Amino acid sequence: MALNPVLGKLVSKRVVLASASPRRQEILTNVGLRFEVVPSWFKETLEKSSFAAPYEYAIETAKQKALEVANRMHVKHLRTPDVVIGADTIVTVDEQILEKPVDKQDAYRMLSRLSGKEHSVFTGVAIIHCSSKGNQLETEITDFYEETKVKFSDLSEELLWEYIHSGEPMDKAGGYGIQALGGMLVEYVHGDFLNVVGFPLNHFCKKLAELYYPPPKHTVQHIKHDSIPSVDTFENVSDGESESSNFTEHKGANKLDSSGMCPSRPVYNCENTSSVRTGFTVPLGNQNGVSESAAKLPSKILDLMDGFKASKALFVASKLKMFDYLKNKGPLKAVDVANEVGTSVCGTERLLDACVALGLLEKTSQGYSNTDSANIYLTSDGEYSLHGYIIHSNDHLWPLFTNLESAVREGSRQNHRAFGRKAEDLFKDYYHSQEVKQRFMAAMHSIAHLTARDLATAFDLSQFKSTCDLGGCTGALAHELIQIYPNMKVTVFDLPEVIANISYFQPSEQCTAPVTFVSGDFFKDNLPEADLYILSRVLHDWPDEKIHILLSKISAVCKPGSALLVAEIVLDEQKTHPPRAVLQSLSMTEGKQRSGSEYKQLLEKYGFTNTQFKITGTLLDAVLCFKKNLSP
Ligand SMILES: Cc1cn([C@@H]2O[C@H](COP(=O)(O)OP(=O)(O)OP(=O)(O)O)[C@@H](O)[C@H]2O)c(=O)[nH]c1=O
């Protein structure tokens, strides 16, 4: 596969994405790139009128974002990243540059401008190779941009406001997200779709191919541009390819001043540079002196072979709360961490180094410190802490998966082997042990909090005045719904043991109407009245008989026109993707993962029609269906 050699060049490098955009992170993660995320602090305030063309503005902003991060990391950690990637997406219409709306009125202004017209989306990208000479940061900058044309249908006022109230426009250039609800506004797209979403992946890979596989000069044939058929793939990375017409590049060593800004703006060359097409083969050995055969290693298989070691290193560092100590007291030397945690110095040092290798920590002469991602996701009080789920994975899933071979041989859950007790007995622990209960709740809360926004905005739910989240646990999704739909009344219905323990998980600032918590058993008790019921991560856990009881009850209380929102990972029709869901099945619970058509069929059986899917590609997908009107 030709992609591997291109991205494989980055495997051994410390790559940093200087962007807070979750879309960019996802696009790059999806192709297997390993990187750290360090959002840029560069304020997008360059004077637009000083740029001859909008793409120059996007490129310059992308570059300043990346340079700011490169400089900050260099100064702060005395450990310089190898490659920093920055990007900036803008929308242009009627010679105006639109960035992210500042408020709903601004979003309205932007979207009404785009209504019924074609506009351009430009993403400027900067790839900065960094090195440290003495104490100075040296950079080599490659930048380019991509343009995609998008046409919107005529948007009615009502549609426009409905869309704005969905909350989707606010963090997106031009006030829309083509990958989600905003896709409904679009009549056509000419060009790279991912460029609109925030990152021109195809052009990026071509650029890497150019950088890492430059054609040897003696084999390059210079051919006049208009005689070359356009090359749309980077299949043969050894091919020097035609420059795309919108490529501008500025390469050269730049020294940064203390503000992290480049002393002078580059000269942009907007003309097509000479295009080359060659027939040479990949030379052995490259600039880094690494043999080309390394690129041919089955890196995916090697990663899988080592995957369990990486998981366990993460689990143990989390269990020992190393990320918490480092957040509060870092940078710390291994000996200090060992003293804090009560572990051996040599073992601690090895674990900390492993975490650095995995990109979870940073190591400088002052000691170890958390990456930004570790602060957000791995500390127990991080904004989107996954600590609870990691501990659950270590304490509960790991022992189960250790017995996978027996599970496959016997086709059954392995609780007796893993924990010395049957699943039913373990479930009883849940009622009796405060620790087990809280660990499980923390795990559920981690995932619910992380996915809440995507779920709450997967569909426009503003038509529903009252919502009941069945098995909604700590109320993480409920709180997000109230934020996005301030007029919605939200009730969480869960077992009394759960409701008794929710206080720890409530947000500190309650700026909107409170969520109502009602205790009960959704298999036995009456369900609260609502226009919208939610079942998030419930159905995959239960056997068909239990699902029958639950869906029959929901169907009975749902009035025609009311709806049910199911949040699960939806399998493809072959039931082999996404891997996360397929792997989850291996824990052999009595429930199962389902494909889209299986969910549709199941829901129809209980009177729910008009089923709509939102495949988010993230942790949870959303399925919305409506209770059928009674026949006249
Ligand atoms: C048109 C469009 C844009 N976006 C998002 O708009 C943000 C642009 O803003 P930015 O300033 O380039 O990036 P940012 O989000 O502020 O992040 P950062 O790189 O840290 O400045 C990026 O998120 C993009 O995905 C979508 O998700 N979908 C779309 O259809």
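Just so it is clear, the model here is predicted, and its values are computed rather than measured.

Trainee: Explanation requested: the overall build of the protein in the structure shown.
Mentor: Across its full length, the protein holds 22 helices and 19 strands. By the burial criterion, 50% of the 632 residues in the protein qualify as buried. For the protein, the proportion of contacts with a sequence separation of at least 24, taken over those separated by at least 6, is 71%. For the protein, the exposed area adds up to about 30200 Å²; of that, 54% sits on carbon and sulfur atoms.

Trainee: Honestly, the packing of aromatic side chains in this entry has me stumped. Any pointers?
Mentor: By convention here, two paired aromatic rings are described through the distance between centres and the angle between planes. Enumeration over the complete set of coordinates arrives at 12 aromatic pairs. Between Phe51 and Tyr57, the ring centres sit 5.7 Å apart and the planes meet at 80°, which makes this aromatic pair edge-to-face. According to the relative accessible area criterion, Phe51 is buried, its value standing at 9%. For Tyr57, a relative accessible area of 0% puts it in the buried group. Centroid distance Phe122 to Tyr145: 5.9 Å. Interplanar angle 50°. Geometry classified as tilted. Taken together, the residues span a long stretch of sequence, with Phe122 in strand S5 (residues 118–133) and Tyr145 in strand S6 (residues 136–152) at a distance of 23 residues. Taking relative accessible area as the criterion, Tyr145 reaches 8% and is therefore assigned buried. Through successive ring pairs, a cluster of aromatic residues spans Tyr55, Phe122 and Tyr145.

Trainee: Where do I start with unusual backbone geometry in this structure?
Mentor: Glycine aside, a negative phi is what most residues show, and trans is what most peptide bonds show. Of the consecutive residues Gly330 and Pro331, the connecting peptide bond is found in the cis state with omega at 0°. Mapped onto the elements of the fold, Pro331 is located in the loop between helix H9 (322–329) and helix H10 (334–341). Pro578 follows His577 through a cis peptide bond whose omega is -5°. Tracing the sequence through the fold places Pro578 in the loop between strand S17 (563–568) and helix H21 (579–585). At Lys321, a position not held by glycine, the phi torsion is positive, near 60°. Within the element layout of this structure, Lys321 appears in the loop between helix H8 (299–319) and H9. For Arg537, which is not glycine, the phi dihedral falls at a positive 55°. Inspection of the secondary structure assignment puts Arg537 in the loop between strand S16 (532–536) and helix H20 (544–557). For Arg537, a relative accessible area of 19% gives the class buried.

Trainee: When you look at the nonpolar core in this model, what are you seeing that I'm missing?
Mentor: The nonpolar side chains of a soluble globular protein tend to be buried with one another. Counting 48 residues, the largest nonpolar core has Ile85, Phe152, Tyr176 and Phe204 as the members making the most contacts within it. Per element, the largest residue contribution to this core is 7 residues, and it comes from helix H7 (residues 201–212). Residue contacts for Phe152: discarding those within four places in its chain leaves Leu111, Leu114, Ser115, Gly116, Lys117, His119, Tyr176, Leu185, Val186 and Glu187. Listed in part, the 29 residues of the second largest apolar core include Ala456, Phe464, Leu477 and Leu624.

Trainee: What is the right way to read helix H5 (residues 157–165) from this model?
Mentor: Count 3.6 residues to each turn of an α-helix, and residues three or four apart come out pointing the same way. Along H5, the residues classified as buried are Leu160, Tyr163 and Ile164. Across the axial projection of H5, the buried residues extend over an arc of 100°, all falling on one side. Those residues of H5 hidden inside the fold are in contact with helix H4 (104–114). Just beyond H5, the residue with positive phi is Gly167, at close to 90°.

Trainee: Honestly, the sheet that holds S17 in this entry has me stumped. Any pointers?
Mentor: Each strand in a sheet pairs with another by means of backbone hydrogen bonds, the pair being arranged parallel or else antiparallel. With mixed pairing, the 7 strands of this open sheet are ordered in space as S15-S14-S13-S16-S17-S19-S18. The sheet is open, and its two borders are formed by strand S15 (516–519) and strand S18 (608–614), each paired with just one other strand. Within the sheet, the average angular offset between the axes of one strand and its neighbour, ignoring direction, is 20°. Helix-sheet contacts for H20 involve strand S13 (466–470), S16, S17, S18 and strand S19 (621–627), and the interaxial angle to S16 is about 165°. Against the sheet, helix H22 (residues 596–605) makes contact with S17, S18 and S19, and its axis sits at roughly 155° relative to S18, the strand it touches most.

Trainee: Help me understand the side chain of Arg594 in this model?
Mentor: On the secondary structure map, Arg594 appears in the loop between H21 and H22. Within the structure, Arg594 has its side chain in polar contact with the backbone oxygen of Lys592 (distance 3.4 Å). In this structure, Arg594 is in contact with Leu539, Asp544, Ile547, Ile569, Val570, Leu571, Tyr599 and Leu602, ignoring residues within four places of it in sequence.

Trainee: Help me understand the packing of H9 against helix H11 (residues 345–357) in this model?
Mentor: Helix packing geometry: the angle between the two helix axes and the distance between the axes. In the contact formed by H9 and H11, the axes pass within 12 Å of each other and the chain directions differ by 80°. In terms of their interaxial angle, H9 and H11 are classed as roughly perpendicular. Contact with H9, carried on its side by Met322, Phe323 and Leu326, involves Thr348, Leu351, Leu352 and Cys355 of H11 and no other residues of that element. Across the contact of H9 with H11, the residue classes tally to 6 nonpolar, 1 polar and no charged.

Trainee: Explain the site of the ligand to me, please; I cannot follow it from the model alone.
Mentor: Around the ligand, 21 residues are found, and the nearest of them are Ser19, Arg24, Lys65, Lys100 and Val197. Here Lys65 contributes a side-chain N or O atom positioned 2.7 Å from an oxygen atom of the ligand. Here Asp88 contributes a side-chain N or O atom positioned 3.3 Å from an oxygen atom of the ligand. Against a free-state accessible area of 610 Å², the protein chains account for coverage of 94% of the ligand. Going through the elements one at a time, helix H2 (22–30), strand S3 (83–93) and helix H6 (193–197) are the ones with two or more residues in the shell around the ligand. By residue number, the principal contributor to the shell around the ligand is S3, which donates 3 residues.

Trainee: What is the right way to read the environment of Phe193 from this model?
Mentor: By the element assignment, Phe193 lies in helix H6. Classification of Phe193 by relative accessible area gives partly exposed; the value is 38%. Distance in space between the C-alpha atoms of Phe193 and Gln179 is 8.8 Å, their sequence separation being 14 residues. Setting aside chain neighbours within four positions, we find Phe193 in contact with Ile178 and Gln179.

Calculation criteria
- Residues numbered from 1 in each chain as written.
- Predicted model: local features only at pLDDT ≥ 70, side-chain atom pairs only at ≥ 80, totals over all residues.
- Heavy atoms only, no water.
- Helix = DSSP H or I, 4+ residues; strand = E, 2+ residues; numbered from the N terminus.
- Buried < 20%, exposed > 50% of the residue type's maximum accessible area, 1.4 Å probe, protein only.
- Contact = heavy atoms within 4.5 Å.
- Areas by Shrake-Rupley, 256 points an atom, 1.4 Å probe, with all protein chains shown as cover.
- Phe/Tyr/Trp six-rings, centres within 6.5 Å; stacked < 30°, edge-to-face > 60°.
- Core = buried A, V, L, I, M, F, W, Y, C linked by side-chain atoms within 4.5 Å.
- Arc of directions from axis to C-beta.
- Pairing = 2+ DSSP bridges.
- Axes fitted to C-alpha atoms, helices over the stretch in contact; angles between N-to-C directions.
- Polar contact = N/O pair within 3.5 Å; in protein donor to acceptor, adjacent residues only side chain to side chain.
- Parallel < 35°, antiparallel > 145°, perpendicular 65-115°, else oblique.
- Nonpolar A, V, L, I, M, F, W, Y, C, P; charged D, E, K, R; others polar.
- Near = heavy atom within 4 Å.

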